[in-house]
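So you can see what is in the structure, the chains are spelled out below.
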Amino acid sequence: ATAVAGVTSDASVLKNVYWAKGTGTLTVEVNGTMLEQKFTSYIGLNMQVVEVEMDGVTIFAAATEWSDLSCVEVQCEDCKNAAGAMVTGAILGLITMIPTIQTDIQRSQSKWDMNCQKTVAQFMANGVGLLASLMSLSTFASGCYRNLPSSIAACNEEAGVCGTATDAEWSLGPGFILILIATLLKIVDGVVHALVPTPPHCSDPQAAATGSGLPAQAMMETP
């Protein structure tokens, strides 16, 4: 859910669930004096938030949705496209977790375990969707983390001040990390399902008919 919250258009929320973040020093000239300010950029799937601080005080803050942002640099355009492509994937990732958890619970009780549930569980963990998710995450990491520049030109149009942000450092945020962990856990989930056999009554018709493969409680419930 935290990862999906990265789709938000609320700047205060994005600052806690961002998918990537950049920090650096912004050098600007004001009335002939060079000033150093700290800039922070929070990247989400639907928007970007930029804050500039000086002496611990925020002097500028702007939140811009990707759809309203006109990129000049190719790195900006790549990140914009990568973020937009992840929106659907993040939402579907959360939705598909529901049947995964349901199957895990069902298979944890031998009386409800079935061969079809084991097959479905392995397919959900190792299907095409998993590969697509990993490829989308890799694209986002490339566009909004690895390939972003260490030097960025920035302007405050309202104040009429421009400067260059140097020594920018980029990192992946909680939104990206959590959905990556959830995606990788699907692989672990599939391996566990493959290793855990179904009870005898699922593969032996005679055992199913006599109830010999069922636990005592299930035998009592079988008509």
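Up top you'll find the structure we're talking about.
Residues numbered from 1 in each chain as written. Predicted model: local features only at pLDDT ≥ 70, side-chain atom pairs only at ≥ 80, totals over all residues. Heavy atoms only, no water.

Can you help me understand the environment of C116 in this one?
Along the chain, C116 falls in helix α3 (residues 115-126). Classification of C116 as partly exposed rests on a relative accessible area of 42%. (Helix = DSSP H or I, 4+ residues; strand = E, 2+ residues; numbered from the N terminus. Buried < 20%, exposed > 50% of the residue type's maximum accessible area, 1.4 Å probe, protein only.)

Would you mind showing me how to read a nonpolar patch on the surface here?
Taken together, I177, L178, I181, L185, V188, V192 and V196 make up a surface patch of nonpolar side chains, about 570 Å² in accessible area. Relative to the assigned elements, L185 resides in helix α5 (residues 174-195). Judged by its relative accessible area of 49%, L185 is partly exposed. (Patch = residues over 30% accessible without salt bridge, like charges linked within 9 Å, V, L, I, M, F, W, Y side chains within 5 Å. Areas by Shrake-Rupley, 256 points an atom, 1.4 Å probe, with all protein chains shown as cover. Salt bridge = Lys/Arg side-chain N within 4 Å of Asp/Glu carboxyl O.)

Even after reading the chapter, I still don't get the nonpolar core, so can you show me in this structure?
What tends to happen in soluble globular proteins is that the nonpolar side chains get buried as a cluster. Formed by 24 residues in total, the largest nonpolar core has its most connected members in W19, I43, F140 and C144. Those elements that place two or more of their residues in this core are β1 (20-30), β2 (33-43), α2 (74-107), α4 (128-146), β6 (161-172) and α5. If one sorts the elements of this core by residue count, α2 sits on top with five residues. What I43 contacts, discounting residues up to four positions off in sequence, is L14, Y18, W19, A20, Q48, W66, C79, F140, C144, L148 and W170. (Core = buried A, V, L, I, M, F, W, Y, C linked by side-chain atoms within 4.5 Å. Contact = heavy atoms within 4.5 Å.)

Help me understand the state of the cysteines, please; the structure alone is not making it clear to me.
A disulfide bridge is the covalent bond that connects two cysteines by way of their sulfur atoms. One pass over the full model with this rule turns up one disulfide. There is a disulfide in this structure between C79 and C144, and the S-S distance comes to 2.1 Å. Judged by the sign of its S-S torsion, about 110 degrees, the bond between C79 and C144 is right-handed. Of this pair, C79 sits in helix α2 while C144 is found in helix α4, placing the two residues 65 residues apart along the sequence. (Disulfide = S-S within 2.5 Å.)

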